[in-house]
Amino acid sequence: MFHKPLRKKQSQPLKINILTLGCSKNTVDSEFLATLINKNNAKVEFIDNPSQATGDAIIINTCGFILDAKEESISAILDAVEAKENGQVKKVFAMGCLVERYKQELTDEMADEVDGFFGVNDMPKIIQALGLDYKKELHGERLLSTPSHFAFIKISEGCDRHCAFCAIPDIRGKHKSVPFENLISQAQYLYQKGVKELIVIAQDTTYYGIDLYGRQRLPELLEEFARIGFPWIRLHYAYPTTFPKEVISIMRKYDNITHYIDIPFQHISDNMLKLMRRGHTGEDIRNLIKFFRAEIPDIAIRTAFIVGHPGETENDFQMLKDFVQEAQFDRLGVFTYSHEENTYGWKHYKDEIPEEIKQQRAAEIMELQQEISFNKNQEKIKTTQNVLIDRREGQYFVGRTQYDSPEIDNEVLIKPQHGIEIGNFYKVNIYDATEFDLFGIVEE
């Protein structure tokens, strides 16, 4: 069904609501879209409340990675359609990963209710659907949706790995690095805007540069970011196979690169790593952890595991539990296997492990990690930590140490004291701790 572009007289601002679901990589996409809209129309007002569908248009940036994310995205689209039917919003657009995977099915089901479906590379078409002219040149500009003191920088798109469980290559395509100079320009712009924490993300940050330059350039990129002057630089989504160890040398060289690394290991059993098509062994993982901790003793390692993957035996799972206890990770997430269309696992394996067993295994891992996290946090009592304040919530200011990333990791809760400001760093004396929170008071 053809939908007319949304147009308004220049005397009336466009009121746009962009709702972002899924990961931080989607956050960056939404921010670039907002920048493009803003650049192409001098009068635009973005609705601050992301859960409220009002105004001229709501654009839902969907996630389609696993079943729960797909269900959340569909629910958000249906809520927006209901708001449109109630006259709260004029147009509803859906974009992103879910649309990329299921565009035909979504169009067949909701063509009359939704005014446009756009894949991951369709930003020019969204701009046109809003009745604007597409102007590509942004020169590093970005309208941030995060608090002004931290920002994500996406250094590449897609992935060349072939993990059995992962739909990302099918959704986002092959790995494509953002040119080095473009990233430096983006980073300089963010620094000039007052960003204090730069969080480096991609589907696989360690692969950066191979497609454009024939070699891994993540170490060089981190060094250039460090030289710009950000107080904190944080690395996410590293991949264990062919991890560039020069990254750790750069981390040691520059005080403003946080002692933190996010590196999903997914499992420790060689049987499972082979079935998952990860490209490394359990011994490789142990050696990498040993290397990290020998070079940077206080490094915080965040990882993630999948339980209930096809072929996971009770013995494999017990090996994983033993490894979690052995490795004592600082931060850990666990996912239950989701049988995703067009993945290697979907084509070659049966989703044979019952959901209740998957959930039980995930709960057992998290119970272990809860105890580990509690013990590690207890060790921080009577220490002084450098804390970046993120927000005010109830009776506390809430911040983080260098060992924690926003929204997913531990936090520091500080009772209000004179002069505390969001977005600033403070020396904080830790006086108490729970499993996932520290409690502190700012040094006078």
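Draft legend 1. Structural detail: the overall build of the protein chain. Across its full length, the protein chain holds 14 helices and 18 strands. For 444 residues, the compact-globule formula gives about 22 Å, and the C-alpha radius of gyration of the protein chain, at 23 Å, lands near that figure. Dimensions of the protein chain along its principal axes, counting C-alpha atoms only, are 60 × 60 × 45 Å. Out of the 444 residues belonging to the protein chain, those deemed buried represent 56%. A separation threshold of at least 6 residues defines the contact pool for the protein chain, and within that pool the share at least 24 residues apart is 74%. When the accessible surface of the protein chain is split by element, carbon and sulfur atoms take 48% of a total near 20100 Å².

Draft legend 2. Representation of the pattern of salt bridges. This model, assessed by the stated rule, comprises 34 salt bridges. Aspartate 390 is the partner of arginine 400 in a salt bridge, and the nearest nitrogen-oxygen pair spans 2.5 Å. Taken as a pair, arginine 400 in strand β15 (residues 396-400) and aspartate 390 in strand β14 (residues 384-393) lie far apart in primary sequence, 10 residues in all. Of the two residues examined, arginine 400 and aspartate 390, each falls in the buried class. A cluster of three or more residues bridged by salt bridges with shared partners is formed by Asp29, Lys154, Glu157 and Arg172.

Draft legend 3. Expanded view of the sheet that holds strand β4 (residues 89-96). The sheet built from 5 strands is open, its strands ordered β2-β1-β3-β4-β5 with parallel pairing. Looking along the sheet, the strands with just one partner apiece sit at the ends: β2 (44-46) and β5 (116-118). Between one strand axis and the next, the sheet turns by 25 degrees as a mean value, whatever way the strands run. The pairing of strand β3 (residues 55-62) with β4 spans 7 bridges and is parallel.

Draft legend 4. Fine view of the sheet that holds strand β18 (residues 437-442). Strand order in the closed barrel made by the 5 strands is β14-β15-β16-β18-β17, with mixed pairing throughout. The average undirected angle you get between the axes of adjacent strands in this sheet is 55 degrees. Here β14 pairs with strand β17 (residues 425-433) via 5 bridges, running antiparallel. Residue pairing for β17: threonine 384 is matched across the bridge by asparagine 429.

Draft legend 5. Just the packing of aromatic side chains, in detail. According to the stated counting rule, one finds 12 aromatic pairs in the structure shown. Among the aromatic residues, ring-to-ring pairing joins Phe265, Phe305, Phe323 and Phe329 into one connected group. Positioned above the aromatic ring of tyrosine 213, the side-chain terminus of arginine 217 is 4.5 Å from the ring centre.

Draft legend 6. Quick look at the packing of helix α8 (residues 218-228) against helix α9 (residues 246-253). One can describe the packing of α8 onto α9 by two numbers: an axis separation of 8 Å at closest approach and a directional angle of 15 degrees. As far as their axial angle goes, α9 and α8 are roughly parallel. The two elements α8 and α9 meet at a crossing, and its hand is right-handed. Every residue of α9 that contacts α8 at Leu218, Pro219, Leu222 and Glu223 is listed here: Glu246, Val247, Ile250 and Lys253. Here the residues of the contact of α8 with α9 are counted per class, giving 5 nonpolar, no polar and 3 charged.

Draft legend 7. Looking closely at the side chain of threonine 401. Within the fold, threonine 401 resides in the loop between β15 and β16 (411-414). At a separation of 2.8 Å, a polar atom in the side chain of threonine 401 contacts the side chain of aspartate 404. Excluding its chain neighbours within four sequence positions, the residues that come into contact with threonine 401 are Trp232, Arg234, Gln385, Asn386, Val387, Val412 and Leu438.

Draft legend 8. View of α9. The set of residues buried in α9 consists of Val247, Ile248, Ile250 and Met251. For α9, the buried positions fall inside an angular range of 160 degrees around the axis, keeping them on one side. Exposed and oriented more than 90 degrees from the buried face of α9 are Arg252 and Lys253. Those residues of α9 hidden inside the fold are in contact with α8, β10 (232-235), β11 (257-262) and α11 (282-295).

Draft legend 9. Inspection of a negative patch on the surface at higher detail. Judged by side-chain charge, Asp68, Glu71, Glu72, Glu355 and Glu356 come together as a negatively charged surface patch. Contributions of two or more residues to the negative patch are made by α2 (67-85) and α14 (355-378). Within the secondary structure layout, aspartate 68 lies in helix α2.

The rules behind the values
Residues numbered from 1 in each chain as written. Predicted model: local features only at pLDDT ≥ 70, side-chain atom pairs only at ≥ 80, totals over all residues. Heavy atoms only, no water. Helix = DSSP H or I, 4+ residues; strand = E, 2+ residues; numbered from the N terminus. Rg over C-alpha atoms; globule rule 2.2 N^0.38 Å. Buried < 20%, exposed > 50% of the residue type's maximum accessible area, 1.4 Å probe, protein only. Contact = heavy atoms within 4.5 Å. Areas by Shrake-Rupley, 256 points an atom, 1.4 Å probe, with all protein chains shown as cover. Salt bridge = Lys/Arg side-chain N within 4 Å of Asp/Glu carboxyl O. Pairing = 2+ DSSP bridges. Axes fitted to C-alpha atoms, helices over the stretch in contact; angles between N-to-C directions. Phe/Tyr/Trp six-rings, centres within 6.5 Å; stacked < 30°, edge-to-face > 60°. Lys NZ or Arg CZ within 6 Å of the ring centre and 35° of its normal. Parallel < 35°, antiparallel > 145°, perpendicular 65-115°, else oblique. Left-handed = near helix turned anticlockwise from the far one by under 90°. Nonpolar A, V, L, I, M, F, W, Y, C, P; charged D, E, K, R; others polar. Polar contact = N/O pair within 3.5 Å; in protein donor to acceptor, adjacent residues only side chain to side chain. Arc of directions from axis to C-beta. Patch = residues over 30% accessible without salt bridge, like charges linked within 9 Å, V, L, I, M, F, W, Y side chains within 5 Å. Lys, Arg positive; Asp, Glu negative; His and termini not counted. Charge placed at Lys NZ, Arg CZ, Asp CG, Glu CD.

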